[in-house]
Amino acid sequence: MSDLIQKLQWRYAAKKMNPAKAVPQGKLDRILESIRLTATSSGLQPYEVLVVTNAEIREKIKAIGWNQAQITEGSHLVVFAAWDNYTAERINMMFDLTNEVRGFKNEGWENYRNMLLNLYPARDAEVNFQHAARQAYIGLGTALIAAAEEQVDATPMEGFDPDKLDEILDLRAQGLRSVVILPLGYREEDKDWLVNLKKVRRTKENFIREVK
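Residue positions are counted from 1 within each chain, in the order its sequence is given. For a predicted model such as this one, the threshold for reporting local features is a pLDDT of at least 70, and the threshold for listing and counting side-chain atom pairs is 80 or more; totals across whole chains, interfaces and linings nevertheless cover every residue. The basis for the side-chain values is all heavy atoms of the structure; hydrogens and waters are excluded.

Student: Would you mind going over the packing of helix α5 (residues 88-102) against helix α6 (residues 107-119) with me for this structure?
Tutor: Packed helices, taken two at a time, are described by the angle between their axes plus the distance between the axes. Helix axes use the C-alpha atoms of the stretch in contact, all axes being lines fitted to C-alpha atoms, and the angles between their N-to-C directions lie in the range 0 to 180 degrees. Strands are runs of DSSP state E lasting at least two residues, helices are runs of H or I lasting at least four, and both sets are numbered from the N terminus onward. The contact between α5 and α6 brings their axes to 10 Å, and the two run at 170°. In terms of orientation, α5 lies roughly antiparallel with respect to α6. Residues Ala-88, Ile-91, Asn-92, Phe-95, Asp-96, Thr-98 and Asn-99 of α5 form the contact with α6, whose own contacting residues are Trp-109, Glu-110, Tyr-112, Arg-113, Leu-116 and Leu-117. Each residue belonging to the contact of α5 with α6 can be placed in one class, and the counts come to 7 nonpolar, 3 polar and 3 charged. Each angle is binned into one of four classes, with values under 35 degrees roughly parallel, values over 145 roughly antiparallel, values of 65 to 115 roughly perpendicular, and all other values oblique. Whether two residues touch is decided by their heavy atoms; if any such pair falls within 4.5 Å, the residues are in contact. The classification used treats Ala, Val, Leu, Ile, Met, Phe, Trp, Tyr, Cys and Pro as nonpolar, Asp, Glu, Lys and Arg as charged, and all other residues, Gly among them, as polar.

In structure tokens:
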């Protein structure tokens, strides 16, 4: 654990990535697998992860992403796209998958399925999207930790036009909406103004409270 803390001290949101240095496939695979394995509410995994390497597409995303250079300088751009709504079909897909993988049905689990089926699809689609988007952020947090463990730079970004990104990646037609993006790559230390600055966080005493 002390090694992980050291790596979290090492990580920061790199401002300049080296376009000539690509993240090895093995490291990328482990970061993506960590996202797949992370927690989500009711185990529904209500978002998908797109890995964009196409240079032309990333240039288009950069243009609607405040021209942030990491979008094209990193070797991979990870896009977190949440379900636009919870539907009975999507809920049943995940519950059926659980039953298939575990090889049995559980009465309590089926009752929980029916509770969600009665609750989620009846809600406003925007409410459901916002709930799904929060699950995507859990995946983002896991990705940042996994990237630090692999000593890969990862810069989370909300600074883009989500409607235009949805259009570029044709997400709405897939029942998805973009939430956050994450360039992966390697810092170019001699050109990144942030690289040697101290990490600034509130003190433990001013951040963590114990309720006894």
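Student: What am I meant to see in helix α7 (residues 125-149) here?
Tutor: Spacing of three or four residues puts side chains on the same side of an α-helix, whose turn is 3.6 residues. Expected helix span is computed as 1.5 Å times (number of residues minus one). Relative to the 36 Å expected for 25 residues at 1.5 Å per residue, α7 spans 36 Å between its end C-alpha atoms, a close match to the ideal helical length. N or O atoms within 3.5 Å of each other form a polar contact, as long as, within protein, one can give a hydrogen and the other can take it, and as long as residues adjacent in sequence are counted only when both atoms are side-chain atoms. If you check the start of α7, you find a side-chain oxygen 2.9 Å away from the backbone N of Glu-126, and it comes from Asp-124. A positive backbone phi angle near 55° is found at Gln-151, which sits one or two residues after α7.

Student: What am I meant to see in unusual backbone geometry here?
Tutor: Glycine aside, negative phi is the norm for most residues, and most peptide bonds take the trans geometry. Within the chain, Trp-66 stands out as a residue other than glycine whose phi angle is a positive 55°. You can see Trp-66 is positioned in the loop between α3 (55-63) and α4 (70-73). Looking at Trp-66, the relative accessible area reads 70%, which means it is exposed. Positive phi outside glycine occurs at Asn-67, with the angle close to 55°. Structurally, Asn-67 is set in the loop between α3 and α4. Buried residues are those whose accessible area, probed at 1.4 Å on protein chains only, stays under 20% of the maximum for their type, while exposed residues exceed 50% and partly exposed ones sit between those limits. Overall, the relative accessible area of 54% leaves Asn-67 in the exposed class.

Student: Please explain the pattern of salt bridges as it appears in this structure.
Tutor: Side chains that differ in sign of charge can pair as their charged atoms come close. Salt bridge, as applied in this entry: a Lys or Arg side-chain nitrogen positioned within 4 Å of an Asp or Glu carboxyl oxygen. For the structure shown, the criterion picks out 16 salt bridges. Notably, a salt bridge pairs Lys-27 with Glu-150, separated by 3.4 Å at the nearest N-O pair. With Lys-27 in helix α2 (residues 25-36) and Glu-150 in the loop between α7 and β3 (153-154), the pair connects residues that are 123 residues apart, well separated along the chain. What emerges from the salt-bridge pattern is a single network uniting Lys-16, Glu-73, Glu-188 and Lys-191.

Student: Would you take a moment to explain the pairing of strand β4 (residues 176-185) for this structure?
Tutor: Along any regular strand the residues' side chains alternate between the sheet's two faces. With 10 of its 10 residues buried, β4 lies for the most part within the structure. Bridge count for strand β2 (residues 76-83) against β4 is 8 bridges, and the pairing is antiparallel. Bridging from a neighbouring strand, Trp-83 pairs with Leu-176 of β4. Paired strands are those between which DSSP finds at least two bridges. Alignment of β3 against β4, held across 2 bridges, turns out to be antiparallel. Note that in β4 the partner of Ala-154 across the bridge is Leu-184.

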